[in-house]
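Inside the fold
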Amino acid sequence: MNVKELRDKTVEELQEKLKDLKEELFHLRFQNAINQLDNPTRIATVKKDIARVKTILREIELGGDDSSK
C-alpha cells in the first residue's frame with residue numbers, strides 16, 4: 001500500500017481501511033496458528049500497513065500534514 005494513496009483518502013475511508021486490515025490480520029494469525037498460512041510474510045506486511053494508516057490518522061488528528069517535509 002502506497003502512502004500517497006492513503007493520504008488522498010478521507011478520515012472515514014482510512015478508518016474503514018484500518019478496520020479491514022485488523023480483520024485481515026486476525027484471520028492471518030488464525031491461519032498461522034493452525035498451520036494453514038501460505039505466506040507468513042503477509043502478516044508483517046499487514047502490520048506495517050496498519051501502522052501507516054494509524055500514522056496518517058494521527059497526523060490528521062494533530063492538524064498537520066507532513067507531506068511537505
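Presented here is an overview of the structure given in this document. (Residues numbered from 1 in each chain as written. Predicted model: local features only at pLDDT ≥ 70, side-chain atom pairs only at ≥ 80, totals over all residues. Heavy atoms only, no water.)

Concerning the overall build of the protein
Each helix and strand in the protein was counted, giving 3 helices and 0 strands. Taken from N to C terminus, the helices and strands of the protein fall in the order α-α-α. Over its C-alpha trace the protein gives a radius of gyration of 14 Å, far above what one expects of a compact globule, namely 11 Å for 69 residues. On the principal axes, the C-alpha backbone points of the protein span a range of 45 × 20 × 15 Å. Put simply, the protein has 69 residues, and 22% of those count as buried. Restricting the contact set of the protein to residue pairs at least 6 apart, pairs at least 24 apart contribute 65%. Split by element, the accessible area of the protein, about 5200 Å² in all, is 49% carbon and sulfur. (Helix = DSSP H or I, 4+ residues; strand = E, 2+ residues; numbered from the N terminus. Rg over C-alpha atoms; globule rule 2.2 N^0.38 Å. Buried < 20%, exposed > 50% of the residue type's maximum accessible area, 1.4 Å probe, protein only. Contact = heavy atoms within 4.5 Å. Areas by Shrake-Rupley, 256 points an atom, 1.4 Å probe, with all protein chains shown as cover.)

Side note on unusual backbone geometry
Positioned with a positive phi, N35 is a non-glycine residue whose angle comes to about 60°. With respect to the helices and strands, N35 occurs in the loop between α2 (11–33) and α3 (41–62).

Comments concerning the nonpolar core
Among the nonpolar cores identified, the biggest contains 13 residues, and L14, V46, I50 and V53 are the most heavily contacted of them. Looking at this core, the elements with two or more residues in it are α2 and α3. The element best represented in this core is α3, accounting for 6 residues. Non-local contacts of L14, meaning those with residues more than four positions away in its chain, are made with L6, K9, V53, I56, L57 and I60. (Core = buried A, V, L, I, M, F, W, Y, C linked by side-chain atoms within 4.5 Å.)

Concerning the pattern of salt bridges
This structure, assessed with the given rule, holds 7 salt bridges. The residue D8 makes a salt bridge to K4 at a minimum N-O spacing of 4.0 Å. Per residue, the accessibility class of D8 equals that of K4, and both read exposed. The shortest N-O distance in the salt bridge between K19 and E16 comes to 3.9 Å. Taken together, the residues span about one helical turn, with K19 and E16 both in helix α2 at a distance of 3 residues. Exposure remark for E16: the relative accessible area of 41% places this residue in the partly exposed category. Sharing partners across several salt bridges, the network here consists of E16, K19 and E23. (Salt bridge = Lys/Arg side-chain N within 4 Å of Asp/Glu carboxyl O.)

Comments concerning α2
Across its 23 residues, α2 extends 33 Å between first and last C-alpha, which sits within 8% of the 33 Å expected from 1.5 Å per residue. Buried residues of α2: L14, L18, L21, L25 and L28, and no others. Here the buried face of α2 lies against α1 (3–7) and α3. One or two residues past the end of α2 sits N35, with phi positive at roughly 60°. (Expected span 1.5 Å × (residues − 1).)

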